[in-house]
Structure formats: C-alpha cells, structure tokens
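Each chain is listed here by its residues.
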Amino acid sequence: MASARRADMAEATDLEPMPGEQPKMVVTHGRGGTGKSTGVRILKERADEAGRPVAIADADRTNATLGSFYADVVRPELRGEQGVTDWLDDLVNTQAETRMSLLLDMGGGDQVFKRFAASLDLAALLQAEGIMPVALHFFGPDIDDLGYLRDIEESGAFCPAQTVLVLNAGLIKDTRPVDVAFAGMREHPIYLAALKRGAKEIVLPRLACMQEVNSRRLSFLGAEKALSLTNRQRVAMWRREVAKALAPIADWLP
C-alpha cells in the first residue's frame, strides 16, 4: 500500500531531477497567517523561472491555499495524525527514490511533523542520503510567533544547519519600520539561540497589493502583467527586493 502511495505522489509531481543538482527538502514552519504559503509560492516561482523542477507538498489540514494556485500540489488523503505521518513517511521515501527537490508546507503550529522528524532524526537522515534539509521559520512581529521555533529547537526535532528565520514585514500592521517592529523578536533568547547556532535571518518585504494578488489567484510574475500600472510597478519592485533578500540563502533553495 505504501509503495502505491509513493508511486501516486511521484506521478503527481511529474518531475525530472536537475542533473548534478543536490535535491533539497525545504520545510516551512510557523503559526497560521505568518506567510508560509506565500513563501512557498515565491520559492516555486523562483525555481520555475530558473528551469529547476520542484514539487509542492501541502500538509496543512485546515487550509488548502496552495491548491488554489497550483494544480499538482500533493496532499495527504487522510487528515488524522497517523494518516499524515504515513504520508510524510511516503514523501521522504519518494524523494529519496526520485531525487526531486521538495517544498513542504506544514499547517500553522503543526505538531505532527515535529514528532515525525524527531522519530527519525530526519535532518541527519536526509543529509546522509544526499538531500539538503532546510527549515524556514516564518514570523510576524508578535512575540508569540516564536512558540514553534522554541518547541522545535529545544526538542532538536528538525534543526538542520540550513535554518532560516523569515521576518515577514507584510505583517506589520502600522507604519513602524522593520527594525522597530521586530526589535523584541530579535532580542529574544529563543531567536538569539537559533542565530548563534548558525541560522540566517532574512526579511520578506511588504507588498502593498498582496491582497489583490491573492484574491485573484495570480502568480507574482503574472501580477506584473495583469494588475493596474501602479500595482504592476509595485510587484516588479517587490520581486527585486525579494530576490535581494533571498541572495544570502540562495545555495539552500531549490
């Protein structure tokens, strides 16, 4: 049964791995509404534009956002904890067999992946298999957003060397600059401990017309062509800022 599920997922992704490219498993973490799905879309478009194949797996059991943007998103058939655990198991085995790169979007505050990863020492397992494990933690300026980072770092469940702390400027609800809005986050012991062990920080810039892009289910590249003149310019400038923000972690991304 498991081999059948692996075959189904491999067929759904319909990928040919890039010759000579190390496959990556990029896993998003964070509370709901912190920008995880947006981050996956950014990385998917970035890879597509460069001609690098990457699959999307969405384990969010309450929000199927990515499925409304992409037809080939892989999702677990069973929503219970054991069903998602079995699905994650198959997903890891499929990646090992196909050597595909993968963007895995977990639900807000998800605990299933943490337990699954801890049970396998997943980061070390992937590394030994020649797959680069990457953890992307997303935050708004609310200190409570550090909860999942605290849990996963203290447990050691999935703490690869390639860990990224993503400060989402789009979640700042007032006119404060990033340095002011995220000052408490950057001074917090949990955040500082992750940086001390080698995590990298990036700031995801704010896009003023993000709500329109999302409501119309546009890609970011498509939004540069489909929106009004001024919003097309906003998207173009934002995409350049995003590319600059991702540059320090480019080698960790598909």
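Position labels on residues start from 1 in each chain and follow its written sequence. It should be noted that, the model being predicted, local features are given only for residues of pLDDT at least 70 and side-chain atom pairs only at 80 or more, the latter also being counted only at that level, while totals for whole chains, interfaces and linings use all residues. Side-chain measures were taken over the full set of non-hydrogen atoms in the model, leaving aside hydrogen atoms and water.

Digging into the overall build of the protein
Condition: Only DSSP runs of H or I with at least four residues qualify as helices, and only runs of E with at least two residues qualify as strands; both kinds are numbered from the N terminus onward. C-alpha atoms define the radius of gyration, and 2.2 Å times the number of residues to the power 0.38 defines the globule rule. Pairs of residues are marked as contacts when any of their non-hydrogen atoms sit within 4.5 Å.
Across its full length, the protein carries 12 helices and 6 strands. Expected size for 254 residues packed as a compact globule is a radius of gyration near 18 Å; at 18 Å, the protein falls within 12% of this value. The dimensions of the protein, computed from C-alpha atoms along their principal axes, are 50 × 45 × 35 Å. The long-range share in the protein, meaning contacts at least 24 apart out of those at least 6 apart in sequence, stands at 75%.

So, the packing of aromatic side chains
Filter applied, for reference: Stacked, edge-to-face and tilted are the three classes for Phe, Tyr and Trp ring pairs, Trp counted by its six-membered ring, which pair at centre distances within 6.5 Å; planes under 30 degrees apart are stacked, over 60 edge-to-face, the rest tilted. Think of it in three bands: residues with accessible area under 20% of the maximum for their type are buried, residues over 50% are exposed, and the middle band is partly exposed, with areas taken using a 1.4 Å probe on protein chains only.
Evaluation of the coordinates by the stated rule reveals 3 aromatic pairs. Aromatic side chains F113 and F158 sit 5.2 Å apart centroid to centroid with 85° between the ring planes, which places their arrangement in the edge-to-face category. Here F113, found in helix α4 (residues 112-120), pairs with F158, found in the loop between α6 (147-155) and β5 (162-168); they are 45 residues apart in sequence, far enough to count as distant. You can call F113 buried: its relative accessible area is 1%. For F158, a relative accessible area of 0% corresponds to the buried category. Measuring from centroid to centroid gives 4.8 Å for F220 and W238, while their planes differ by 50°, and the two rings are tilted.

Regarding the nonpolar core
Our working definition: By nonpolar core is meant a set of buried Ala, Val, Leu, Ile, Met, Phe, Trp, Tyr and Cys residues that side-chain atoms within 4.5 Å join together.
With 35 residues, the main nonpolar core has L136, V213 and L246 as its most contacted residues. In contact with V213, other than residues within four places in its own chain, are R41, L207, L218, S219, F220, A223, L227 and V235. Grouped together as the second largest cluster of nonpolar side chains are 28 residues, V27, L88, I131 and A157 included.

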